[in-house]
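These are the residues of each chain, in order.
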Amino acid sequence: MNKDRDVIAAIATAHGQGAIGIVRLSGAGVLQILEKMFWIKAEKYHSHTMYYGNVHKDNEVIDEAMLCYMKAPRSFTREDSAEIYAHGGVFVLGEVLYAALEAGARLAEPGEFTKRAFLNGRLNLSQAEAVMDLISAKNGIARRAALRQLGGGLSRRIEAVRDKILSWLANIELSIDYPEHEEEAKNITEILSESDEALADLKRLKETAGAGRIISEGVRTAIIGRPNVGKSTLINAMLHENRAIVHETAGTTRDILTEEIRIKDVPLIIMDTAGLRQTADPVEKIGIEKTHEAASDSELILFVADALCGLTSEDKEIIKAYEPTTKIIILMNKTDLHKTEPPQFCDIKTIAISAKNHDGLEDLYSEISKMFFAGSITAEGGEADIIMRERHKILLEQAIENIKKAKSDCDSGIPEDLISVPLRAAYINLGEILGLEIDDDIVDRIFDEFCVGK
């Protein structure tokens, strides 16, 4: 039996109690399912029209609801589809779903509605993945990037390069198979000179993968420094709530406090750590060891120093230990007590702040945004195409390497028919991003990541 021809049903709204919940259905037999559930004859339904009625199960009314029938191909899946808008209680929605299953539908698999939209040609694979990215977006940049990809922004760029490669292959084939028309075809040197532009575009696209990972996963950020420089006050200021204990006693923070916050649409996984100093206290020692581990695993270190003391030799030793491998911003705190010009050290950005009064935090936030998004996207714009998935990054890297190999083979005087081999490979790599050249098991694995009902 072909599962793709079944009528599928699932609850499309989040689990929990709400005013309204949605059960959605898709498949060629949707009208027959609705007829059994609402006791309204199939021929009475008109596409994209709202209906009111009672949902029946075992000849019992289980809810009153609204429903909308959408005739193929004018639906998300390009199949006959329906959405039932019922009362949003967990039990009631479950009963409406069971009524659909008893009427002949089967429970949808994770992502099966979007998978059918892909299989029926409404979306390519990168657009289908953007649906999930949009659902899981945690900030404005992620939302805009997913919407742009869903709208075909990434697809158009990939298709443009694929079209160029196809044109190159056609010209190579023309010169090989029809030598009498060789003058009409571009020679291999002309073709590969055009490849520079395509390579540059693919490289620019691949370089956005770092920003894409950051906006979807967040920047691992450690706040470190000596005791009593204001690290806990800083994290409280950034969170706009008193989450960390603040006390004048040195060594108050002994464990790692981790919070997720958003700074100018940059998500940070931020860790408040124990103060770094020599101590005989065994518990504090454990906290200091955790601080070093957190700093070593971070992508950004906010090093807090006391403006009253300036940047001490101890501070500089700590910074030097992490500066070669990790992005660092030095924060000279307590400027409410002592106004001073921030010292320059190792060409590291230094910002004067008062965590207590929230002074200088906007400068810090702007620097973080510039540090991670400059050259790819901006928190204000976010209109660039962004690679959000590791799968896309890997395939872009493979396509870039294959085009580079074709250029290298050309320089080495390798015959044209052999040069076309890496070009075909690049064409396939880019097609896999769109789902045009991809195995069924990979498609299944991608849609398994989706939630049921989407």
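Please refer to the structure placed before this passage.
Residues numbered from 1 in each chain as written. Predicted model: local features only at pLDDT ≥ 70, side-chain atom pairs only at ≥ 80, totals over all residues. Heavy atoms only, no water.

The next point concerns the overall build of the chain. When you go through the chain residue by residue, the secondary structure sums to 15 helices and 12 strands. Residue burial in the chain is summarised as follows: out of 454 residues, 51% are buried. With the model as given, the accessible surface of the chain reaches about 21,900 Å², and the carbon-plus-sulfur share is 50%. (Helix = DSSP H or I, 4+ residues; strand = E, 2+ residues; numbered from the N terminus. Buried < 20%, exposed > 50% of the residue type's maximum accessible area, 1.4 Å probe, protein only. Areas by Shrake-Rupley, 256 points an atom, 1.4 Å probe, with all protein chains shown as cover.)

This next bit is on the packing of helix α3 (residues 112-119) against helix α15 (residues 440-447). With their axes 9 Å apart at the nearest point, α3 and α15 run at an angle of 140° to one another. It follows that α3 is oblique to α15 by the angle criterion. In terms of crossing hand, the pair formed by α3 and α15 is right-handed. Together, T114, K115 and F118 of α3 and V443, D444 and F447 of α15 make up the contact between the two elements. A breakdown of the residues in the contact of α3 with α15 according to their chemical character gives 3 nonpolar, 1 polar and 2 charged. (Axes fitted to C-alpha atoms, helices over the stretch in contact; angles between N-to-C directions. Parallel < 35°, antiparallel > 145°, perpendicular 65-115°, else oblique. Left-handed = near helix turned anticlockwise from the far one by under 90°. Contact = heavy atoms within 4.5 Å. Nonpolar A, V, L, I, M, F, W, Y, C, P; charged D, E, K, R; others polar.)

Turning to its location among the elements, S167 is positioned in helix α6 (residues 153-177). Using a relative accessible area of 31% as the deciding quantity, one classes S167 as partly exposed. Along the backbone, S167 and I191 are 24 residues apart, and their C-alpha atoms lie at a distance of 8.9 Å.

With that settled, consider the side chain of D6. By the element assignment, D6 lies in the segment before β1 (8-11). A distance of 2.6 Å separates polar atoms of two side chains, one belonging to D6 and the other to R106. (Polar contact = N/O pair within 3.5 Å; in protein donor to acceptor, adjacent residues only side chain to side chain.)

This part takes up the nonpolar core. One finds L234, M238, L302, L331 and L364 to be the most contacted residues of the largest nonpolar core, which totals 35 residues. Counting residues per element, this core draws most heavily on helix α12 (residues 361-373), at 6 residues. The contacts of L331, once residues within four sequence positions are left out, are L234, L302, F303, V304, A305, I351, I353 and L364. Residues L154, L199, L395 and I419 belong to the second largest nonpolar core, which totals 29 residues. (Core = buried A, V, L, I, M, F, W, Y, C linked by side-chain atoms within 4.5 Å.)

Quick look at the side chain of E299 now. Looking at the secondary structure, you find E299 in the loop between α10 (282-296) and β10 (300-306). Owing to a relative accessible area of 19%, E299 belongs among the buried residues under this scheme. Those residues in contact with E299, other than ones at most four positions away along the chain, are R213, G218, V219, R220, T326, K327 and F372.

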